[in-house]
Amino acid sequence: MSADAAKIPQPAKPNVPITKWLPVVLIAWAIPGAGHVYLKRPMRGALVGSATIICFLFGLMMRGAFFEPTTGDLLLTLINVGGHVANLMTGIPYYLATWLGYNQPDVAGHVHDYGSKFLVGAGLLNILNMVDAWEIVTGEKD
Amino acid sequence: MPKISLNHMEASILLALLISVVLGVVTKKNDKERWNYGLYCFGCFMATLFGLGWLMKLGHG
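Below or above, wherever it landed, is the structure these notes cover. (Residues numbered from 1 in each chain as written. Chains lettered and ligands numbered in written order. Predicted model: local features only at pLDDT ≥ 70, side-chain atom pairs only at ≥ 80, totals over all residues.)

A short note on the overall build of chain B
Here comes step 1: Looking only at helices and strands, one finds 2 helices and 0 strands in chain B.
Here comes step 2: The C-alpha radius of gyration of chain B comes to 15 Å, more than 25% above the 10 Å expected for a compact globule of 61 residues.
Here comes step 3: By its C-alpha atoms, chain B is 45 × 35 × 10 Å across when sized along the principal axes.
Here comes step 4: Scored against the burial criterion, the 61 residues of chain B give a buried share of 20%. (Helix = DSSP H or I, 4+ residues; strand = E, 2+ residues; numbered from the N terminus. Rg over C-alpha atoms; globule rule 2.2 N^0.38 Å. Buried ≥ 20, exposed ≤ 12 C-beta atoms within 10 Å, placed from the backbone.)

Description of the overall build of chain A
Here comes step 1: Scanning chain A from N- to C-terminus turns up 7 helices and 0 strands.
Here comes step 2: Ordered by position from the N terminus, the helices and strands of chain A form the series α-α-α-α-α-α-α.
Here comes step 3: Expressed as lengths along the three principal axes of its C-alpha atoms, the size of chain A is roughly 60 × 35 × 30 Å.
Here comes step 4: When burial is assessed residue by residue, chain A has 37% of its 142 residues classed as buried.
Here comes step 5: The contacts of chain A with a sequence gap of at least 6 include a subset with a gap of at least 24, amounting to 70%. (Contact = placed C-beta atoms within 7 Å.)

Topic: the nonpolar core
Here comes step 1: Judged by nonpolar contacts, the single largest core of 39 residues is most densely connected at A:Ala51, A:Cys55, A:Phe118, A:Leu125, B:Leu18 and B:Val22.
Here comes step 2: Of all the secondary structure elements, the ones that give two or more residues to this core are α2 (18-30), α4 (42-61), α6 (92-99) and α7 (110-137) of chain A together with α1 (8-27) of chain B.
Here comes step 3: At 11 residues, the largest contribution of residues to this core is made by α7(A).
Here comes step 4: The residues contacting A:Ala51, other than those within four sequence positions of it, are A:Leu125, B:Leu18, B:Val21 and B:Val22. (Core = buried A, V, L, I, M, F, W, Y, C linked by C-beta atoms within 7 Å.)

With respect to helix α5 (residues 74-88) of chain A
All names here are of chain A.
Here comes step 1: For α5, built from 15 residues, the straight-helix expectation of 21 Å at 1.5 Å per residue is met to within 8% by its first-to-last C-alpha distance of 21 Å.
Here comes step 2: Every buried residue belonging to α5 is among Gly83, Ala86 and Asn87, and all of these are buried. For α5, the arc enclosing every buried residue in end-on projection is 100°, short of the 170-degree limit, so these residues lie on one face. Structural note: α5 exposes Leu74 and Leu78 on the side pointing more than 90 degrees away from its buried face.
Here comes step 3: Check the buried side of α5 and you find it contacts α6 and α7. (Expected span 1.5 Å × (residues − 1). Arc of directions from axis to C-beta.)

Some words on the environment of B:Ala11
Here comes step 1: Topologically, B:Ala11 is positioned in helix α1.
Here comes step 2: When the C-alpha atoms of B:Ala11 and B:His60 are compared, they prove to be 22 Å apart, with 49 residues separating the residues in sequence.
Here comes step 3: For B:Ala11, the residues in contact, after removing those within four places along its chain, are A:Tyr114 and B:Leu6.

Observations concerning α6(A)
Residues and elements named next belong to chain A.
Here comes step 1: Along α6, the residues classified as buried are Pro93, Tyr94 and Ala97. Take α6 and look down its axis: the buried residues cluster within an arc of 105°, on one side only. The exposed set on the far side of α6, more than 90 degrees from its buried face, consists of Tyr95, Leu96 and Trp99.
Here comes step 2: Buried positions along α6 lie against α4 and α5.
Here comes step 3: Of the residues flanking the end of α6, it is Gly101, one or two places downstream, whose phi is positive at about 95°.

As for unusual backbone geometry
Residues and elements named next belong to chain A.
Here comes step 1: Despite not being glycine, Lys40 has its phi angle at roughly 65°, a positive value.
Here comes step 2: A count of 9 C-beta atoms within 10 Å places Lys40 in the exposed class.
Here comes step 3: Positive phi is not limited to glycine here, since Arg63 has a value of about 55°.
Here comes step 4: When you line up the elements, Arg63 lands in the loop between α4 and α5.
Here comes step 5: Exposure remark for Arg63: the 20 C-beta atoms within 10 Å place this residue in the buried category.

Here you go:
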């Protein structure tokens, strides 16, 4: 972008009401990829949703542990609360797993350790999906 | 739920692949850019994986 183009005032983005974007973000949170499908982007929804679900399922199959929001010193609090929030961001798959009795204790071993990271990674991927759905519904992205 | 056991390499490559797919899809505006960026991210993950792997091996002697 040239210096002149940068000086041109850009039109203000229309203020999208919360009643329009909140349901989409909630749908995107609850079912990974569903926000994109709801916004008529089924291929993108299928791709990001399946990547998130596969990440979550591999985490479960590797017997990763869900983080508990326990507190202690700063680092421990950051890891546990942050990990718990990331787990919650997976949406319904997380609640389904816990309701069906998945309760893997945090044990030593690289497979369990990777499993925990896959479970957290699925939540973080779903946050990206939610942000993308929000950008679509607010018109910042096609 | 079946139990699986992936080694370090398999787990890292799988995670890199899944993250690259999502990053490619959500950050770019058309399919060509998405493919390119997804492949770029995957390449960066692989370079980091092998680079750090060799660094640790050489560091251990």
